[in-house]
Every structure is written in structure tokens, then in C-alpha cells.
Amino acid sequence: MKLLKNASLLGVLAILTGCATVAPQPPVGFNNQLSSETVIATAISDVPKVQITYPGASCLLCWGAAALANGGVADEVGKLTNEDLAELGDSLVSKLKDKGLNVKELESTWKPMKLKKNEPVSENEARKDYRPLKETLDASHLLVMNFNYVGVKRDYSSYVPTSEPYAIVEGLAYLVNLTTNIYEWYLPIYQRHSPGLEWKDPPSYPGVINAYYQAIETTKDEILSSIVTEAVPSVASKED
């Protein structure tokens, strides 16, 4: 009986361990060798509004205390816009077109819903099955760019701040081949910038604001610089 209990316990641990060891998809450099026959459907979501949050201030009173303590910073963050990131989608599409690729721009509200799970057998294979979208979109590739956080955070432990305010941009951009289900670009976006020790400079808090714009600029540079602007090889040139 004891052996059976131990065996059952090991089985549970194996299942839990198996779930825990699923590695995240690593970054993949943009495939700059796409041919002129490539048709890329682009799904670029609207950029969220600039916000300030207090991770770790988990109770309502804790959050209220954090909001009160950071009211001046919050007022300045509330004046910031997301225009530069909102224009990034157009810059990305222009760069793809400059390479000679065919681009089909989808509505910003479009999302690849109800995709079946996929068990990857190849390196950089997506864990969802995008292949049915090839016919639906009439495209060879799907490019997705989405931001899930734009703004400022300040970490808390209950009522107590554990960090200075910092600017952060989080999101994901990827290009998936709709024939092979392989990522030909996968870029987790995480830019965190600190204003430095002298961030308490009311009323405009320039250190925090400058950190925000640095996060925006490095995000733009990271995304656009990954795509080399050069003419794509035509099918004819490949045959030659």
C-alpha cells in the first residue's frame, strides 16, 4: 500500500513537472529571405492607453494608498500619449512593402480566434495551428503585433513601495508561415527603463517622463531594425 501511494505521488509529480518544464518560445530573427511571392496578412492591434499601475498593492486599501502617494506622477503619466507606438504599425507595413512583399492589412480588431492546439515537432513551430488561416486570409504568412502594456509601474509589497516608478512597454510581434506553421519571426517585447535615483522632481517628474519616451524609442528601434530593408528575391532570380 505504501509503495502504491508513493507511486501515485510520483505520477502526480511527473505530471506537474511536465507542465512546468514547457519552455517558452525563444526569439526568432526575421526571415529576410522571403520571396516576391510572399503575401503577408498583418494583424496589428490598437495600442492600449498609457497607464500607471502598482503591482503588489493587492488589496483595495493598498492600491488606494499607492495611488495617493503617487498622485503627482500619475497626473503627468496621464498626459502622455501612445501616438508614437500607434504609428509603428504603419512604419512596419511600409518597411515590408519596401522589401517588395505583398501586404494585406487586416482590421485592428481582427484576432485569430478558435485555433486548435498544435503539438510542435519542429523547432520554432507554433503551439497553435495557424494553417487553416492560409485559405481564410488568402495569404502565405500572418504577421501579428500586439502590445498589452504601455506606461509606468511602481512595485509594492502591500502598502510599501519596493521600487521607484519605471517605464515599461510589453507586447509580442511574430510572423508565422501559414503552410509550415513555423515562426519566421518571434519577438517578445519587453522594454523597462528606470528614471534613476533622482526621480522625485515635481511637478513634472522629467526623469519618469524621459524614461517613458526611452522605452518607446527602444521598442520602435528593436522592431524596425530587425527587418532589413532590401529587395526580396524574385522567383525568376531564384531559378537563374
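Notes on the structure follow. (Residues numbered from 1 in each chain as written. Predicted model: local features only at pLDDT ≥ 70, side-chain atom pairs only at ≥ 80, totals over all residues. Heavy atoms only, no water.)

Here we take up the state of the cysteines. Counted according to the given criterion, the structure contains 1 disulfide. Through a disulfide, Cys59 is tied to Cys62; the S-S separation comes to 2.3 Å. Between Cys59 and Cys62, the disulfide has an S-S torsion of 85° and is therefore right-handed. Looking at Cys59, the relative accessible area reads 31%, which means it is partly exposed. (Disulfide = S-S within 2.5 Å. Buried < 20%, exposed > 50% of the residue type's maximum accessible area, 1.4 Å probe, protein only.)

Tallied over the full model, the rule gives 9 aromatic pairs. Between Tyr212 and Tyr213, the ring centres sit 5.3 Å apart and the planes meet at 70°, which makes this aromatic pair edge-to-face. Aromatic rings pair up to connect Tyr130, Tyr174, Tyr183 and Tyr186 into one cluster. The ring of Tyr149 has Lys153 sitting right over it, with the charged end atom 4.5 Å from the ring centre. (Phe/Tyr/Trp six-rings, centres within 6.5 Å; stacked < 30°, edge-to-face > 60°. Lys NZ or Arg CZ within 6 Å of the ring centre and 35° of its normal.)

Another point: the packing of helix 5 (residues 88-98) against helix 7 (residues 206-225). In contact at an axis separation of 10 Å, helix 5 and helix 7 are set at 20° when each is read in the N-to-C sense. Accordingly, the angle class assigned to the pair helix 5 and helix 7 is roughly parallel. Where helix 5 crosses over helix 7, the handedness of that crossing is right-handed. Across from Leu88, Ser91, Leu92 and Lys95 in helix 5, the residues of helix 7 making contact are Lys220, Ile223, Leu224 and Ser225. Taken together, the residues that form the contact of helix 5 with helix 7 break down as 4 nonpolar, 2 polar and 2 charged. (Axes fitted to C-alpha atoms, helices over the stretch in contact; angles between N-to-C directions. Helix = DSSP H or I, 4+ residues; strand = E, 2+ residues; numbered from the N terminus. Parallel < 35°, antiparallel > 145°, perpendicular 65-115°, else oblique. Left-handed = near helix turned anticlockwise from the far one by under 90°. Contact = heavy atoms within 4.5 Å. Nonpolar A, V, L, I, M, F, W, Y, C, P; charged D, E, K, R; others polar.)

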